[in-house]
Amino acid sequence: MKVDGKHFRSIWRERDGWSVGAIDQRRLPHEFVVARLTSCEDAAVAIRDMLVRGAPLIGATAAYGMALAMREDASDAGLKLAYETLVVARPTAINLKWALDEMRATLAPIDPVERAEAAYARADEIVEQDVEINRGIAANGLALIEAIAAKKPGEVVNVLTHCNAGWLATVDWGTATAPIYLAHERGIKVHVWVDETRPRNQGASLTAWELGHHGVPHTVIPDNTGGHLMQHGMVDLAIVGTDRVAANGDVCNKIGTYLKALAAHDNGVPFYVALPSPTIDFAVHDGIRDIPIEQRSGVEVTDMTGRTADGRLETVRIVPENSPVANYAFDVTPARLVTGLITERGVLKPDRASLAAAFPERISAAAE
Ligand SMILES: CSC[C@@H](O)[C@@H](O)C(=O)COP(=O)(O)O
């Protein structure tokens, strides 16, 4: 999508044909900096330190990480080491393992001398596929926004979103934001309530930044505001992203998503989850019980970084020195609170039968 009027993706192959460029998301919204990844280790660190983040982008970065690894050592041992290095970079988004499994399935059967070229080709495909999938999500989600717009002609459609499931979290378009961008392009009046998303503030720092650059009207709200807005009819629908959807339709996403779903349920506000099919984990049958929840450093809770009035970036502590903190990065929203799953193959009911019917090839792959 656009940054200062110029089209950008979140990740790309550099002109040298082998190194990988990515927007350093730790620096946004204050600085637009491009990082260059030149090794598998670079890719693993970029994922772990959240230079790149968001489930689909984590997968795309891991795919390029495998390609970078194959330049260094394309032996069977090199392939194994690259897989093992990357797969542990973050635990919750299943797209990471999905992309690595795809890469390994392509690379393991072929001669090591052919692996580097094949790895770049497969990683490029994964990246292009992500963009295509998100276009499908955009088209399917647009119908939901259009239906609401038709019921209130001339009025604004208010969408609430949590965290950043925008183009920065994918390769382009985003998942939750894809229908919003398309509606905006089609001239539908949309306005987005952007949850700030403590502790890392992906909403305030990233979603607001990308919507702003693309000209989509939006308002950043403290995380606890959604319930109040819903009670007062100020939210027409919620659309969030996800890091992993279990076979039973349970949805894991950024911490706080569950509370938004509860508030939406209590107020009759439709609560949709947008996801690309690689985010479905058919091996997990109960999301609340079995999806691993990442716990991150307490520093993300105790400290905040921002720009001072005189332009400096400064980090300040906001918690008393001796208070313990907890930092669960994700939660799971039970399927019963989800109105529908917006996928590239349509808007599905959040249940086992609907997911299985829409993505039968993924079920058989999970059984292998
Ligand atoms: C299309 S991205 C969906 C999710 O990955 C997104 O909502 C999210 O929770 C991102 O978490 P993050 O910790 O920033 O990687």
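Nothing here was measured: the structure is a model prediction, and the numbers come from that model. (Residues numbered from 1 in each chain as written. Predicted model: local features only at pLDDT ≥ 70, side-chain atom pairs only at ≥ 80, totals over all residues. Heavy atoms only, no water.)

A. Main features of the site of the ligand. The ligand sits among 19 residues. The nearest are Arg-90, Gln-202, Asp-243, Asn-253 and Lys-254. Contact distances for the ligand include 2.6 Å between an oxygen atom and a side-chain N or O atom of Asn-253. In isolation the ligand offers 410 Å² of accessible surface; the protein chains occlude 100% of this area. Elements with a minimum of two residues in the shell around the ligand: helix H2 (55-72) and strand S11 (251-254). Here the shell around the ligand is composed, by residue class, of seven nonpolar, eight polar and four charged. Mapping the shell around the ligand onto the domain boundaries places at least three of its residues in each of domain 1 (2-129) and domain 2 (136-367). (Near = heavy atom within 4 Å. Polar contact = N/O pair within 3.5 Å; in protein donor to acceptor, adjacent residues only side chain to side chain. Areas by Shrake-Rupley, 256 points an atom, 1.4 Å probe, with all protein chains shown as cover. Helix = DSSP H or I, 4+ residues; strand = E, 2+ residues; numbered from the N terminus. Nonpolar A, V, L, I, M, F, W, Y, C, P; charged D, E, K, R; others polar. Domains from an automatic or database assignment.)

B. Region of the structure containing unusual backbone geometry. At the junction of Leu-28 and Pro-29, the peptide bond is cis and its omega measures out at 5 degrees in the coordinates. Mapped onto the fold, Pro-29 is located in the loop between strand S4 (20-23) and strand S5 (34-37). The linkage connecting Arg-198 with the following residue, Pro-199, adopts the cis geometry, with an omega of 5 degrees. One can find Pro-199 in the loop between strand S7 (190-195) and helix H7 (202-214). Of note in the backbone geometry, Met-50 takes a positive phi value of approximately 65 degrees without being a glycine. Taking the relative accessible area as the measure of exposure, Met-50 reaches 2% and is therefore buried. A positive phi angle, near 70 degrees, is found at Thr-197, a position not held by glycine. Mapping Thr-197 onto the fold places it in the loop between S7 and H7. (Buried < 20%, exposed > 50% of the residue type's maximum accessible area, 1.4 Å probe, protein only.)

C. A look at the pattern of salt bridges. Within the structure shown, the criterion is met by 26 salt bridges. The closest approach of N and O atoms between Arg-312 and Glu-314, which form a salt bridge, is 2.5 Å. The partner of Glu-361 in a salt bridge is Arg-345, and the shortest N-O contact between them spans 3.0 Å. One end of the pair, Glu-361, is in helix H13 (residues 360-367); the other, Arg-345, is in the loop between strand S17 (340-343) and strand S18 (346-348), and 16 residues separate them in sequence. Relative accessible area serves as the criterion here: at 45%, Arg-345 is assigned to the partly exposed category. (Salt bridge = Lys/Arg side-chain N within 4 Å of Asp/Glu carboxyl O.)

D. Spotlight on the packing of helix H5 (residues 112-151) against helix H6 (residues 178-185). Packing of H5 against H6 leaves a shortest axis separation of 7 Å and a crossing angle of 65 degrees. On the basis of their axis angle, the class for H5 and H6 is roughly perpendicular. For the crossing formed where H5 meets H6, the hand is right-handed. Contacts between H5 and H6 involve Asn-134, Ile-137, Ala-138, Ala-139, Gly-141, Leu-142 and Ile-145 on the former and, on the latter, Ala-178, Pro-179, Ile-180, Leu-182 and Ala-183. Split by residue class, the contact of H5 with H6 holds 10 nonpolar, two polar and no charged. (Axes fitted to C-alpha atoms, helices over the stretch in contact; angles between N-to-C directions. Parallel < 35°, antiparallel > 145°, perpendicular 65-115°, else oblique. Left-handed = near helix turned anticlockwise from the far one by under 90°. Contact = heavy atoms within 4.5 Å.)

E. Representation of the domain arrangement of the chain within the structure. Splitting the chain by domain gives domain 1 (2-129) and domain 2 (136-367). Contacts between the two partners involve 33 residues from domain 1, matched on the other side by 35 residues from domain 2. For the pair domain 1 and domain 2, the two sides together bury roughly 2,900 Å², of which 57% comes from carbon and sulfur. When the buried area of domain 1 at its contact with domain 2 is split by residue, His-30, Thr-92 and Ile-94 rank highest and sum to 22% of it. Taken together, the links from domain 1 to domain 2 amount to one salt bridge. With a closest N to O distance of 2.7 Å, Glu-294 and Arg-90 form a salt bridge. Put simply, domain 1 and domain 2 have 16 residue pairs in polar contact (both at pLDDT 80 or more) between them. Elements that contribute at least two residues to the side of domain 1 that touches domain 2 include exactly strand S1 (2-3), H2 and helix H4 (95-107). (Buried area = accessible area lost by both parts, 1.4 Å probe.)

F. Spotlight on the environment of Glu-31. Tracing the sequence through the fold places Glu-31 in the loop between S4 and S5. Judged by relative accessible area, Glu-31 falls into the partly exposed class, the value being 29%. For the pair formed by Glu-31 and Ala-238, sequence separation is 207 residues and the distance between their alpha carbons is 29 Å. In this structure, Glu-31 is in contact with Arg-307 and Leu-313, ignoring residues within four places of it in sequence.

G. The pairing of S7, seen in detail. A large share of S7 lies buried, amounting to six of its six residues. Here S7 shows no split at all, with Val-190, Val-192 and Val-194 on one side and His-191, Trp-193 and Asp-195 on the other all buried. Judged from the five bridges that link them, strand S6 (residues 157-161) and S7 form a sheet pairing that is parallel. Following the sheet pairing, Val-159 is matched in S7 by Val-192. Handedness of the β-α-β unit built from S6, H6 and S7 comes out right-handed. The pairing of S7 with strand S8 (residues 218-221) spans four bridges and is classified as parallel. (Pairing = 2+ DSSP bridges. Right-handed = clockwise from strand over helix to strand, strands pointing away.)

H. Structural context of the packing of aromatic side chains. For the structure shown, the criterion picks out four aromatic pairs. Geometrically, the ring pair formed by Phe-8 and Phe-32 is edge-to-face, given 5.0 Å between the ring centres and 75 degrees between the ring planes. Of this pair, Phe-8 sits in the loop between strand S2 (6-7) and strand S3 (11-13) while Phe-32 is found in the loop between S4 and S5, placing the two residues 24 residues apart along the sequence. An aromatic cluster is present here, built from Phe-8, Trp-12, Phe-32, Trp-167 and Trp-209 joined pairwise through their rings. Seen from the ring of Phe-330, Lys-254 lies directly overhead, with NZ or CZ sitting 4.1 Å from the centre. (Phe/Tyr/Trp six-rings, centres within 6.5 Å; stacked < 30°, edge-to-face > 60°. Lys NZ or Arg CZ within 6 Å of the ring centre and 35° of its normal.)

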